[in-house]
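Chain and residue survey
Next come the chains, spelled out residue by residue.
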Amino acid sequence: MVDKGRLVQDFCDLVRIDSPSGEEEAVAQHVSRRLQVLGLEVARDAHGNVIASEPGDDPLLLSAHMDTVEPGRGIQPRVQGDRIRSDGTTILGGDCKGGISAILEGLQSVAEAGLARRPVQVVFTRGEEIGLVGANNLDFSMLRAAEAVVFDGNGPVNHITGASPTYIRLDVTVKGRAAHAGVEPEKGLSAIRIASEIITQLPQGRLDAESTFNVGVVSGGSVRNAVPADAAFQAEFRSRSTETLDSLRMQVLEILDKARQRYRDASIREEFEVMFQMYTLDPKEHMVQAVCQSMKDLGLTPNIRPSGGGTDGNVLRLHGIQCVVVGMATNEMHTVNEYVVIPDLVNAARFCRQLLTGSY
Ligand SMILES: [Zn+2]
């Protein structure tokens, strides 16, 4: 049996351990001890990701990430009815500690019942929230699993991420020419003005059902009374359509070229980088079928739907691992209103147990 009281307690213990991205060591130690007690052999890769293994053929990879976003220090979980919240000054950290605790409780309940189960590998990554950094640095030579479930979707466990976009980072830097703003502004060339002209021409917001574009950071200048020589901005765009991604990239390049023609003395540089790659689940894939069937066997209805975000699942898929991302019982992630629904958390653990013990 999945033990609800223990699960809630474990979850609360986990979120009380601070683990903002880059500072995951305490939580890594905590989960490593838990995995060792469960009889798994725990290792760390060079990046510090936790990788637990056991003997056996065709292991199933269970994964979640250890880091949380800010404000995420000194979290005080509060159980109110069937929900767990923070005290309102921090996030809760259910993203992704709902996933971690569901995996640990699933394994624990199977062990207590003495049930036969599929062998597992458990991977708890670092730095997911800052661009899937842990997964991108994961030592895949330590993995034997060809199939995986990542507990990192929002909402109940039966919310399955059916498609995830490609995410491209765009950084633009503009170099103009400094001059005294009051004495000889004619000699200057304002990098801020050029950057803002470019920004106003870029597409922004939701572009269509599967594409978005955002300029998130702008910087430039150093003092009020100088024509600024430097400016820069950071943008990102995402789409589940390769054609749209290509055309957005072309659009950006055209806008930059026009700015170069208009301001021949300026230097305008851009950098694109694909941070993660899109995927769309194939309903015929074995892992998708196994996940859906085990949910149905628990009386849950699989709800496969696209997401605008990326998870470690994008990276696992890129490495050829059949990976399904499921919900981790958390809602309003990345806000101080974040909350976990306890029955959903129990279902996430039950799902983990079912998937490991059923014959799928
Ligand atoms: Zn997450």
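Note that the structure is predicted; figures quoted are calculated from it, not measured. (Residues numbered from 1 in each chain as written. Predicted model: local features only at pLDDT ≥ 70, side-chain atom pairs only at ≥ 80, totals over all residues.)

Along the protein chain, the regular secondary structure elements total nine helices and 20 strands. With 360 residues in all, the protein chain has 46% of them scored as buried. Long-range pairs, those at least 24 residues apart, make up 76% of the contacts in the protein chain between residues at least 6 apart in sequence. (Helix = DSSP H or I, 4+ residues; strand = E, 2+ residues; numbered from the N terminus. Buried ≥ 20, exposed ≤ 12 C-beta atoms within 10 Å, placed from the backbone. Contact = placed C-beta atoms within 7 Å.)

Attention shifts here to the sheet that holds strand β6 (residues 120–125). With mixed pairing, six strands are arranged side by side in an open sheet as β1-β2-β6-β3-β7-β18. Of all strands in the sheet, those bounded by a partner on one side alone are β1 (41–44) and β18 (322–327). For this sheet the average axis-to-axis angle between neighbouring strands, irrespective of direction, equals 20 degrees. In this sheet, β6 lies alongside strand β3 (residues 60–65) in parallel orientation, the contact comprising six bridges. By the bridge assignment for β6, H65 is matched with T125. (Pairing = 2+ DSSP bridges. Axes fitted to C-alpha atoms, helices over the stretch in contact; angles between N-to-C directions.)

Attention now moves to the domain arrangement of the protein chain. Taken domain by domain, the protein chain holds domain 1 (4–164 + 278–357) and domain 2 (166–276). For domain 1 versus domain 2, the distance between C-alpha centres works out to 37 Å. Broken down by class, the residue content of the side of domain 1 that touches domain 2 amounts to five nonpolar, four polar and no charged. (Domains from an automatic or database assignment. Nonpolar A, V, L, I, M, F, W, Y, C, P; charged D, E, K, R; others polar.)

It is worth spelling out helix α9 (residues 342–357) at this point. For an α-helix the count is 3.6 residues per turn, leaving residues at separations of three or four pointing the same way. Helix length check: α9 (16 residues) gives 23 Å between terminal C-alpha atoms against 22 Å at 1.5 Å per residue, within 8%. Taken across its 16 residues, α9 has 13 buried, putting it largely inside the fold. (Expected span 1.5 Å × (residues − 1).)

Sheet analysis places strand β11 (residues 205–208) next to strand β12 (residues 211–220), joined by three bridges and oriented antiparallel. From the neighbouring strand, G205 faces β12, where its bridge partner is F213. Counting the residues in the hairpin turn of β11 and β12 gives two residues. With nine bridges joining them, β12 and strand β14 (residues 230–239) adopt antiparallel strand pairing. Paired with G220 across the two strands is A231, which belongs to β14.

In this section: the sheet that holds strand β20 (residues 339–341). Taking strand neighbours across the sheet as the criterion, the four strands line up as β4-β5-β20-β19 in an open arrangement whose pairing is antiparallel. Of all strands in the sheet, those bounded by a partner on one side alone are β4 (78–80) and β19 (330–331). With three bridges joining them, β4 and strand β5 (residues 83–85) adopt antiparallel strand pairing. Each residue of the ladder has a partner; that of V79, found in β5, is I84. Each of β5 and β20 touches α9; the most contacted strand, β20, lies at about 65 degrees to it.

Right, let's get into the environment of L248. Locating L248 in the fold gives a position in helix α6 (residues 242–262). Not counting residues up to four positions away in its chain, the partners in contact with L248 are P203, F213 and F237.

With that out of the way, let us pick up the packing of helix α1 (residues 4–15) against α9. The interhelical angle for the contact between α1 and α9, taken along N-to-C directions, is 100 degrees, at an axis separation of 10 Å. It follows from the interaxial angle that α1 and α9 lie roughly perpendicular. Two secondary-structure elements touch here, α1 through K4, L7, V8 and F11 and α9 through I342, L345, V346 and A349. (Parallel < 35°, antiparallel > 145°, perpendicular 65-115°, else oblique.)

Glancing now at the environment of V324. Within the fold, V324 resides in strand β18. As for V324 and R126, which are separated by 198 residues in sequence, their C-alpha atoms are 19 Å apart. Look past the residues within four positions of V324 in its chain and what remains in contact with it is V149, I160, L281, M287, V288 and V291.

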